[in-house]
Amino acid sequence: MSTKKPWRLGTRAQLLLRGLRYAQILPYASIDGWLSIDEAITLFELARALPHERPLAVEIGCWQGKSSVCLGRGLRGKNTPRLVCIDPFDASGDQQSSDVYQHRANAVGGPLRSAFEHNLAEVGVRELVDVRPGYSQDLAEEFREPIDLLFLDGDHSFDAIQRDYRDWSPKVRAGGFLVMHDVVHPVHEGPRRVVEEMIKQDPTWVEHRYIDSMFVARKVAA
Ligand SMILES: C[S@@+](CC[C@H](N)C(=O)[O-])C[C@H]1O[C@@H](n2cnc3c(N)ncnc32)[C@H](O)[C@@H]1O
């Protein structure tokens, strides 16, 4: 009988490899926005897990590209990946957020859209991003492609997030992912309520999990 142990990478090497993998999203740290490290890693890993051929991710609410960079870096290297980014780039938003957005937009020293595009270009993902300037509610009807990953982070009022969920989540393909941000938040009630009152009550959505203030669910396979 052979006493040879199976060959495995040591813990240090595994940690090093993991560090190298997450170094890919390092630039996210210097972009203004709202995303914890674990949330950033989750977006990156989810995007990486999408099919290799023509994966499609849609992000509603992009601000200056902090989350877009994580998704884009996860998609990079696949065959014809696409990230559709929807945002009016006018710092508008729900009542609780618009003052903060305006204040932070003033500090940018130029149009938000330019800052967004610059940030994407800096990390080499601009070519895979399809920017759709505008409001999610105005763009939903004409959008007919099946989505592999939908990230909702736009207007956080209950009415708006409910509308985004109703308009956009049916477009997620079987086995695809729905991700929502700010579902655990002292001010924003909307995302939490949509998760509790709608998503968790719908058997279409499985594999629920929380990562800090982010919620992830998967559409049941066909
Ligand atoms: C919380 S920020 C997004 C943060 C970004 N995901 C990040 O990680 O930094 C919300 C963004 O959604 C935009 N927004 C507000 N209402 C929207 C709507 N109806 N459709 C699309 N985007 C909207 C806001 O102007 C803002 O840029």
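Parameters and conventions
Residues numbered from 1 in each chain as written. Predicted model: local features only at pLDDT ≥ 70, side-chain atom pairs only at ≥ 80, totals over all residues. Helix = DSSP H or I, 4+ residues; strand = E, 2+ residues; numbered from the N terminus. Rg over C-alpha atoms; globule rule 2.2 N^0.38 Å. Buried ≥ 20, exposed ≤ 12 C-beta atoms within 10 Å, placed from the backbone. Contact = placed C-beta atoms within 7 Å. Axes fitted to C-alpha atoms, helices over the stretch in contact; angles between N-to-C directions. Left-handed = near helix turned anticlockwise from the far one by under 90°. Nonpolar A, V, L, I, M, F, W, Y, C, P; charged D, E, K, R; others polar. Near = placed C-beta within 6 Å. Pairing = 2+ DSSP bridges. Parallel < 35°, antiparallel > 145°, perpendicular 65-115°, else oblique.

**Quick notes on the overall build of the protein**
Looking only at helices and strands, the protein features 8 helices and 7 strands. What you see for the protein is a C-alpha radius of gyration of 18 Å, in line with the 17 Å of a compact globule of 222 residues. When the backbone C-alpha atoms are referred to their principal axes, the protein occupies close to 70 × 45 × 35 Å. The 222 residues of the protein split such that 39% are buried. Taking the intrachain contacts of the protein between residues at least 6 apart in sequence as the baseline, contacts between residues at least 24 apart amount to 74%.

**As for the packing of helix H2 (residues 37-48) against helix H3 (residues 66-75)**
In contact at an axis separation of 7 Å, H2 and H3 are set at 30 degrees when each is read in the N-to-C sense. Of the two elements, H2 crosses H3, and the hand of that crossing is right-handed. Between H2 and H3, the residues in contact are Ala40, Leu43, Phe44, Glu45, Leu46, Ala47 and Arg48 and Ser67, Cys70, Leu71, Arg73, Gly74 and Leu75, respectively. Residue composition of the contact of H2 with H3, by class: 8 nonpolar, 2 polar and 3 charged.

**Structural notes on the site of the ligand**
Around the ligand, a shell composed of 22 residues is seen, among which Gly33, Gly61, Lys66, Ser67 and Gly154 lie nearest. Contributions of two or more residues to the shell around the ligand are made by H3, strand S2 (82-87) and helix H6 (136-139). Here the shell around the ligand is composed, by residue class, of 10 nonpolar, 8 polar and 4 charged.

**Notes on the sheet that holds strand S7 (residues 214-219)**
Read across the open sheet, the 7 strands follow the order S3-S2-S1-S4-S5-S7-S6; overall the sheet is mixed. Only two strands of the sheet have a single neighbouring strand rather than two, namely strand S3 (129-133) and strand S6 (205-211). The average angle at which neighbouring strand axes cross in this sheet is 15 degrees, direction not considered. Note: S6 against S7, 5 bridges, orientation antiparallel. Opposite Trp205, over in S7, you have Lys219 as the bridge partner.

**Description of the packing of helix H7 (residues 158-168) against helix H8 (residues 190-199)**
Remark: H7 packs on H8, axes separated minimally by 8 Å, with the N-to-C direction vectors making an angle of 50 degrees. Judged on the interaxial angle alone, H8 and H7 are oblique. Where H7 crosses over H8, the handedness of that crossing is right-handed. Here Phe158, Ala160, Ile161, Gln162 and Tyr165 of H7 come into contact with H8, specifically with Gly190, Pro191, Arg193, Val194 and Met198. Residue composition of the contact of H7 with H8, by class: 7 nonpolar, 2 polar and 1 charged.

**What to know about the environment of Val179**
If you trace the backbone, Val179 turns up in strand S5 (residues 172-180). When the 23 C-beta atoms within 10 Å are taken as the criterion, Val179 is described as buried. A C-alpha to C-alpha distance of 15 Å links Val179 and Val84, two positions 95 residues apart in sequence. Here Val179 is in contact with Leu46, Leu149, Leu150, Phe151, Met214 and Val216, once residues within four sequence places are set aside.

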